Amino acid sequence: MSILHLVRPDLLNVRPYSSARMEAIAGNVWLNANESPWLPLDQQVGVNRYPEPQPKILSERLAELYGVDKERILVGRGSDEPIDLLTRAFCRAGIDNILISPPTFGMYAVAARVQGAFVREVPLLAEQGFACDFSGILRQVSAETRLVYVCTPNNPTGNVADNEKLRELASALRNRALLIVDEAYAEFSDAPSMILDIDGFDNLVVLRTLSKAHGLAGARIGVAIAGLEIIGLLRRIMAPYPLPSLCVTAAMTALTASSLAVTQKQIQWLRQERAQLFDALTQLPYVLNVFPSEANFLTVRCVDAERVYATLSRLGIVVRSLRNHAGLEDALRISIGTPQENLTLLAALRELGQSRVLEM
Ligand SMILES: *Cc1c(COP(=O)(O)O)cnc(C)c1O
């Protein structure tokens, strides 16, 4: 059975927008897209022209980075875009549902609600270090479940899911639903990527992004890696020119061999900082628990998280309050910064431990 039987039936006959850029790829005199023939003053990149829908050089570079064929890659505006496209492609409004394991990344549920799809929740097992409840997920899958999300390392708990369990889940969901494994923080973890399993499952989608380890959050480059049927479908319903030329140039610069070598060093530094910060945070008197993390952040339970948050804010140090995540109301999520930033944070937190600031 083809994975396409899970696609919204009304979508299968929609003809994609055929952009000028798609219809013609070679030429010297470009008069087909109503573009300006002039480059704006002081622009280096050819921004007067529409970009390629899926820039060949970037797709090839990303395919090399992730070790897959470039036809298995969809490059989008952040991984937010593939999340949105998958939801729109597979979920019938008012009928279908997605399955998430909170506490987790908020965009899965937002994309579903925008599409009019239902959200089923199978909470992570708090008493087991927020492990994924794989048997709970299978119990909650219904005939209308289209997308099952697992975020690993998970935002905001920082732990990873077991790959063997993920393969078993993908296998159990075959012909029933897609398994979407969000690996936004994979570079900070030793866990092997589920990309290695893409060939084995036509219902498996792996999400990666250049927003975190590669330092390109502002360029909005995210990647979905999946079988040809899913990638082909998403390309057909995607916006015609999703990737701005300037962002493609920024990504190409960040993906040269020398940039990647620097990125690798930064990841090592960040992991060292993470270990040191973990120890230091654990020793603070009002810190109840620091979650072991395989991502670039640490989640910390505190005696009075709101007051710690407010005090840090007043000092200009901005962390993330998790008060809206059920079960993590007393927690803060702290991104690992530069060594200097981490020292600034620790100094503020230590002072907070000693002084009456907490009673203010
Ligand atoms: C940050 C993050 C992303 C990345 O989103 P982009 O749109 O690629 O910037 C994806 N998933 C999770 C869980 C994240 O935390």
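Calculation notes
Every residue gets a number counted from 1 within its own chain, in the order that chain's sequence is written. Totals for whole chains, interfaces and linings use all residues, but because this is a predicted model, local features are given only for residues with pLDDT of at least 70 and pairs of side-chain atoms are given and counted only at 80 or more. Where side-chain values are given, they derive from all heavy atoms of the structure, hydrogens and water being excluded. Labels follow the DSSP assignment, with helices taken as runs of H or I lasting at least four residues and strands as runs of E lasting at least two, numbered in each case from the N terminus. We call two residues in contact whenever any of their non-hydrogen atoms come within 4.5 Å of each other. Note that accessible areas follow from Shrake-Rupley with a 1.4 Å probe, and for residues the cover is restricted to the protein chains shown. Counting rule applied: Lys, Arg positive; Asp, Glu negative; His and chain ends not counted. Every charge is mapped onto a representative atom, which is NZ of Lys, CZ of Arg, CG of Asp or CD of Glu. Being paired, for any two strands, means DSSP has found at least two bridges between them. Lines fitted to the C-alpha atoms define the axes, with helices restricted to the stretch that makes contact. Angles between their N-to-C directions range from 0 to 180 degrees. Note that the term roughly parallel is reserved for angles under 35 degrees, roughly antiparallel for angles over 145, roughly perpendicular for angles of 65 to 115, and oblique for everything else. Each crossing gets its handedness from the near helix: less than a right angle anticlockwise from the far helix is left-handed, clockwise is right-handed. Under this grouping Gly is polar, as are all residues other than the nonpolar Ala, Val, Leu, Ile, Met, Phe, Trp, Tyr, Cys and Pro and the charged Asp, Glu, Lys and Arg. Cavity and pocket criteria rest on a 1 Å grid covering protein atoms alone: a 1.4 Å probe that fits but cannot get out defines a cavity, protein on both sides within 12 Å along at least 5 of 7 lines defines an open pocket, and an atom within 4 Å of a point defines a lining residue. Grid points are joined across faces, edges and corners, and a volume is the space filled by probe spheres set on the points. Here the expected length of a helix is defined as 1.5 Å per residue gap, with one fewer gap than residues. Burial status follows relative accessibility: with a 1.4 Å probe on protein chains alone, a residue under 20% of its type maximum counts as buried, one over 50% as exposed, and anything between as partly exposed. Working definition: the arc comes from the directions between the helix axis and the C-beta atoms, pointing outward to the latter. To form a nonpolar core, buried Ala, Val, Leu, Ile, Met, Phe, Trp, Tyr and Cys residues must be joined to one another through side-chain atoms within 4.5 Å. We call a crossover right-handed when, viewed with the strands running away from us, the connection from the first strand over the helix to the second turns clockwise. When we say a residue is near a molecule or strand, we mean one of its heavy atoms is within 4 Å of it. Polar contact is defined as a pair of N or O atoms within 3.5 Å, subject to the rule that within protein one atom must be able to donate a hydrogen and the other to accept it, and that residues adjacent in sequence are counted only when both atoms are side-chain atoms.

Chemist: So, the overall build of the protein chain: which residues are in play, and what are the values?
Modeler: Assigned secondary structure in the protein chain consists of 11 helices and 11 strands. Across its three principal axes, the protein chain shows a C-alpha extent of roughly 70 × 55 × 35 Å. Across the protein chain, every contact between residues at least 6 apart in sequence was considered, and the portion connecting residues at least 24 apart equals 67%. Of the accessible surface of the protein chain, which amounts to about 17,300 Å², a share of 54% is contributed by carbon and sulfur atoms. Separation of charge centres in the protein chain, based on 35 positive and 38 negative side chains, amounts to 3 Å.

Chemist: Break down the sheet that holds strand 3 (residues 118-121) for me, with residues and values.
Modeler: In spatial order, the strands read 1-7-6-5-4-2-3; together these seven strands make up an open sheet with mixed pairing. The two strands at the open ends of the sheet, each matched to only one other strand, are strand 1 (73-77) and strand 3. If you compare each strand with its neighbour and ignore which way they point, the axes differ by 25° on average. Sheet analysis places strand 6 (residues 204-209) next to strand 7 (residues 221-225), joined by four bridges and oriented antiparallel. Bridge assignment links arginine 208 to a residue of strand 7, and that residue is valine 223. Strand contacts of helix 4 (residues 107-115): strand 2 (97-100), strand 3, strand 4 (145-151) and strand 5 (178-182), with the helix running at about 170° to strand 2, the strand carrying the most contacts.

Chemist: Describe in detail the packing of helix 3 (residues 80-90) against helix 4, supporting the description with residues and values.
Modeler: Remark: helix 3 packs on helix 4, axes separated minimally by 9 Å, with the N-to-C direction vectors making an angle of 40°. If you check the angle between helix 3 and helix 4, you find them oblique. For the element pair helix 3 and helix 4, the recorded crossing hand is right-handed. Contacts between helix 3 and helix 4 involve Asp80, Ile83, Asp84, Thr87 and Arg88 from the first element and Met107, Tyr108, Ala111, Ala112 and Gln115 from the second. Of the residues contributing to the contact of helix 3 with helix 4, the split by class is five nonpolar, two polar and three charged.

Chemist: Account for the packing of helix 10 (residues 305-314) against helix 11 (residues 339-354), with residues named and values stated.
Modeler: The geometry of helix 10 relative to helix 11 is characterised by a closest axis approach of 11 Å and an angle of 125° between their N-to-C directions. One finds that helix 10 runs oblique with respect to helix 11. The two elements helix 10 and helix 11 meet at a crossing, and its hand is right-handed. Of helix 11, the residues touching helix 10 (which contributes Val308, Thr311 and Leu312) are Leu345, Ala348, Leu349 and Leu352. A class-by-class count of the residues in the contact of helix 10 with helix 11 yields six nonpolar, one polar and no charged.

Chemist: Can you lay out the layout of surface pockets for me, pointing to particular residues and giving the numbers?
Modeler: Its boundaries defined by the atoms lining it, the largest pocket holds a volume of some 520 Å³. A total of three residues in the lining of the largest pocket trace back to one element, the largest contributor, which is helix 7 (residues 228-237).

Chemist: Any details on helix 11? Residues and values, ideally.
Modeler: With 16 residues, helix 11 extends 23 Å from end C-alpha to end C-alpha; this agrees with the ideal 22 Å at 1.5 Å per step. Taken together, the buried positions of helix 11 are Asn342, Leu345, Leu346, Ala348, Leu349 and Leu352. Around the axis of helix 11, the buried residues are gathered within 160° of arc, so they sit on the same side. Exposed positions of helix 11 whose direction lies more than 90 degrees from the buried face are Gln340, Leu343, Glu351 and Gln354.

Chemist: With reference to specific residues and values, describe helix 2 (residues 56-66).
Modeler: For helix 2, every residue scored as buried is listed here: Leu58, Ser59, Arg61, Leu62, Ala63 and Tyr66. Downstream of helix 2 by a residue or two, glycine 67 has a phi angle that is positive, lying close to 70°.

Chemist: How would you sum up the nonpolar core? Please name residues and give values.
Modeler: Generally speaking, a soluble globular protein has its nonpolar side chains buried in company with each other. Judged by nonpolar contacts, the single largest core of 48 residues is most densely connected at Leu62, Tyr66, Ile73, Val148, Leu179, Ile221 and Ile225. Not counting the four nearest positions on each side in its chain, isoleucine 221 is found in contact with Leu58, Val75, Gly76, Gly78, Thr209, Leu210, Ser211, Leu243, Cys247 and Ala251.

Chemist: So what's going on with the pairing of strand 4? Residues and values would help.
Modeler: Most of strand 4 is tucked away: seven of the seven residues are buried. Relative to strand 5, strand 4 is paired through five bridges, and the arrangement is parallel. Bridge pairing in strand 5 links tyrosine 149 to isoleucine 180. For the crossover that starts at strand 4, traverses helix 6 (residues 163-173) and ends in the parallel strand 5, the hand is right-handed.

Chemist: Would you mind going over the sheet that holds strand 8 (residues 287-290) in detail, with residue names and values included?
Modeler: Strand order in this open sheet of four strands is 8-9-11-10, and the pairing throughout is antiparallel. Each of the sheet's edge strands pairs with one partner strand only, and the pair in question is strand 8 and strand 10 (320-321). Bridging between strand 10 and strand 11 (residues 331-335) involves two bridges; their strand directions are antiparallel. Bridge pairing in strand 11 places arginine 320 opposite arginine 333.

Chemist: Outline the site of the ligand, listing residues and values.
Modeler: The environment of the ligand is formed by 14 residues, the closest being Ser79, Asp182, Thr209, Ser211 and Lys212. Contact distances for the ligand include 2.6 Å between an oxygen atom and a side-chain N or O atom of threonine 209. When the ligand sits alone it has 390 Å² of accessible area, and the protein chains cover 93% of it. For the shell around the ligand, a count of residues per class yields five nonpolar, five polar and four charged.

Function cannot be inferred from these measures alone, as they are strictly geometric.
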